[in-house]
Amino acid sequence: TALRGHVDGCRDCWNALVETRWAIAASSRDLLELREFLGPEFRWGIDSSSLLVKDWTASDRKTTAQVHSFYRDTKWYLYNLVLWEASGQRPKYVTSAGTLLDRHRIHTVLDFGAGVGTDALRFCELGLSVLAVDFDNDASSFLRWRSAQRGYQISFVGVDELQSTFLKADMIWALDVLAHLPQPVETVASLLS
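To keep things clear, this report deals only with the structure shown in the data block. (Residues numbered from 1 in each chain as written. Predicted model: local features only at pLDDT ≥ 70, side-chain atom pairs only at ≥ 80, totals over all residues. Heavy atoms only, no water.)

1. A short note on the nonpolar core
Formed by 26 residues in total, the largest nonpolar core has its most connected members in W22, L31, L34, F42, Y79 and V116. Of all the secondary-structure elements, those providing two or more residues to this core are α2 (11-25), α3 (29-38), α5 (64-73), α6 (76-86) and α10 (138-150). With 8 residues, the single largest contributor to this core is α6. Beyond its immediate chain neighbours, meaning those up to four positions away, Y79 contacts W22, L34, L38, E41, F42, R43, I46 and S48. (Core = buried A, V, L, I, M, F, W, Y, C linked by side-chain atoms within 4.5 Å. Buried < 20%, exposed > 50% of the residue type's maximum accessible area, 1.4 Å probe, protein only. Helix = DSSP H or I, 4+ residues; strand = E, 2+ residues; numbered from the N terminus. Contact = heavy atoms within 4.5 Å.)

Right under this line is the structure:
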């Protein structure tokens, strides 16, 4: 906790951390895919965490519509989620869930808040069917592109289509998303129905 506090407050240390994350991620499949997806728009070495904070604080975020607007419009989650995985900082959640998947005979996963598809693609590698739910934004466009590049069939449902779409899955996977929802209980209840 003390080290995290120091790095968060020390600009030189923070910049060194960002630089190190990029260096570690440089040859990863995830980052190579992002570079190919973005083409000439790709920006090496950006501090996506700080850019996310800047986008968040640029407008009021008091209503659900304002929060949704942030997730639809920010382009920095695309980098942030890829770098989190590609730098090795993100735990291997799907691997950790392996025995649970087997024990409950999971065949179809609804990845709620799928983002760039880190977990959705891993579920596909395991031979599971995947429904990815998220905002129609840069991150989900990248997910759809990646799944096509890798030859996977991932069904994508935009958040705005959620109420009018019947979804059936053996498991709902919602990793690092519920804390970001303005109304998490209502959202999860509607998913379960």
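Here the narrative resumes.
2. With respect to the packing of aromatic side chains
On inspection of all chains with the given rule, the structure shows 14 aromatic pairs. Centre to centre, the rings of F37 and W145 are 5.5 Å apart; their planes meet at 55 degrees, and the pair counts as tilted. Within this pair, whereas F37 is found in helix α3, its partner W145 is found in helix α10, the two being separated by 108 residues in sequence. Here the aromatic rings of W76 and Y79 are separated by 6.0 Å at their centres, their planes lie at 40 degrees, and the arrangement is tilted. Here the residue W76 and the residue Y79 both occupy positions in helix α6, the gap between them amounting to 3 residues, near one helical turn. (Phe/Tyr/Trp six-rings, centres within 6.5 Å; stacked < 30°, edge-to-face > 60°.)

3. Concerning the environment of V185
Looking at the secondary structure, you find V185 in helix α11 (residues 184-192). The spatial distance from the C-alpha of V185 to the C-alpha of R11 is 37 Å, given a sequence separation of 174 residues.

Geometric descriptors of this kind do not, in isolation, establish any biological role.
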